[in-house]
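Structural characterization, general
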Amino acid sequence: MKGNLIIISSPSGGGKGTLIREVLKTTADITFSVSYTTRAMREGEMEGREYHFVDRATFEAMISAGDFLEHAEVHGNLYGTSKSQVEKVMATGTDVLLEIDVQGAATLIGKAGLDAVSIFILPPSFETLRTRLTLRATESSGDLLIRLRNAFDEVLRYELFRYIVINDDLTKAVDDLRTIIRAERLARTRQNDEIQAILSGFDASKHQFENL
Ligand code: 5GP
């Protein structure tokens, strides 16, 4: 059985990074999809952990080669999800968690045959978003302004998503995310192999009963 494709989006500063780190620490059978980006590496980041950092030419060559499941220009940088990485992990029955922007999410949610679990993290207010992004202090003031301006349109696209998690209280929001991931694993269509194994056991017993 294939793993679930779990898409998590929010405006920049929505707190999804912290939430996702907590979920990954405390949930089994889930892998984070490490995206490619042309953005400069921030202090404390590591190649291959937060992102694969590449230049624009490399990124564009990867687009031409069809290496991305989706890609988008976000706040002036390119970001993309590796198709082979996602497919490899899902084939082992492990869930893949994508942390992507709303444009990328829209591309994937609209893709035929792709049954994704989409979750939007909504900050409790614009002021909270602004404070978080300002305190994070990872952007120049120009970049900060771009991210805040983009947030107005991003929150309006919440309707694309199957689930909304309001990120007010961190513990509750982490718990909400874990609940969604668990519930999605219980969907009938996700348990076909186990169900079939159990039913064939029933079938074997039925024949014994018929011959009594
Ligand atoms: P940051 O530069 O703060 O790490 O990320 C900026 C935005 O790009 C965030 O909204 C993040 O979710 C998004 N992002 C990260 N990786 C990808 C990706 O592979 N595809 C898309 N479409 N967006 C991504």
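Residues numbered from 1 in each chain as written. Predicted model: local features only at pLDDT ≥ 70, side-chain atom pairs only at ≥ 80, totals over all residues. Heavy atoms only, no water.

1. Structural notes on the pattern of salt bridges
Counted under the stated rule, the structure contains 13 salt bridges. Across the pair glutamate 45 and arginine 39 runs a salt bridge whose closest N-O atoms are separated by 2.9 Å. Here the two residues glutamate 45 and arginine 39 agree in accessibility, since each one is buried. Linking lysine 172 and aspartate 176 is a salt bridge whose minimum nitrogen-to-oxygen distance equals 2.9 Å. Of this pair, lysine 172 and aspartate 176 both sit in helix α7 (residues 170–185), four residues apart, which is roughly one turn of the helix. Here aspartate 176 falls in the partly exposed class, since its relative accessible area comes to 23%. Where salt bridges share partners, they join Asp115, Arg162, Glu184 and Arg190 into one cluster. (Salt bridge = Lys/Arg side-chain N within 4 Å of Asp/Glu carboxyl O. Buried < 20%, exposed > 50% of the residue type's maximum accessible area, 1.4 Å probe, protein only. Helix = DSSP H or I, 4+ residues; strand = E, 2+ residues; numbered from the N terminus.)

2. Some points on the packing of aromatic side chains
Each aromatic ring pair is summarised here by two numbers: the centre-to-centre distance and the angle between the ring planes. What the rule picks out here adds up to six aromatic pairs. Seen in terms of ring centroids, tyrosine 36 and phenylalanine 68 are 6.0 Å apart; in terms of plane orientation they differ by 65°. Their pairing is edge-to-face. Of this pair, tyrosine 36 sits in strand β3 (residues 35–37) while phenylalanine 68 sits in strand β5 (residues 68–74), placing them 32 residues apart in sequence. Given the relative accessible area of 19%, tyrosine 36 is considered buried. (Phe/Tyr/Trp six-rings, centres within 6.5 Å; stacked < 30°, edge-to-face > 60°.)

3. Points about the pairing of strand β1 (residues 5–9)
Here β1 lies mainly inside the structure; five of its five residues are buried. On β1, burial covers both faces: Leu5, Ile7 and Ser9 on one face and Ile6 and Ile8 on the other are all buried. Summarising the sheet, β1 and strand β7 (residues 95–99) pair through four bridges and their orientation is parallel. Bridged to isoleucine 6 within β7 is leucine 97. In this sheet, strand β8 (residues 116–122) lies alongside β1 in parallel orientation, the contact comprising five bridges. Along β8, the bridge assignment pairs isoleucine 6 with valine 117. (Pairing = 2+ DSSP bridges.)

4. Topic: the site of the ligand
Inspection of the region around the ligand gives 18 residues, with Ser35, Arg39, Tyr51, Tyr79 and Asp101 positioned closest. One of the side-chain nitrogen or oxygen atoms of tyrosine 79 is found 2.5 Å away from an oxygen atom of the ligand. The separation between an oxygen atom of the ligand and a polar side-chain atom of arginine 147 is 2.8 Å. Relative to its unbound accessible area of 510 Å², the ligand is 96% covered by the protein chains. Contributing elements (two or more residues each) for the shell around the ligand: β5 and β6 (77–82). The residue makeup of the shell around the ligand, split by class, is five nonpolar, five polar and eight charged. (Near = heavy atom within 4 Å. Polar contact = N/O pair within 3.5 Å; in protein donor to acceptor, adjacent residues only side chain to side chain. Areas by Shrake-Rupley, 256 points an atom, 1.4 Å probe, with all protein chains shown as cover. Nonpolar A, V, L, I, M, F, W, Y, C, P; charged D, E, K, R; others polar.)

The quantities given are spatial measurements derived from coordinates; they are silent on function.
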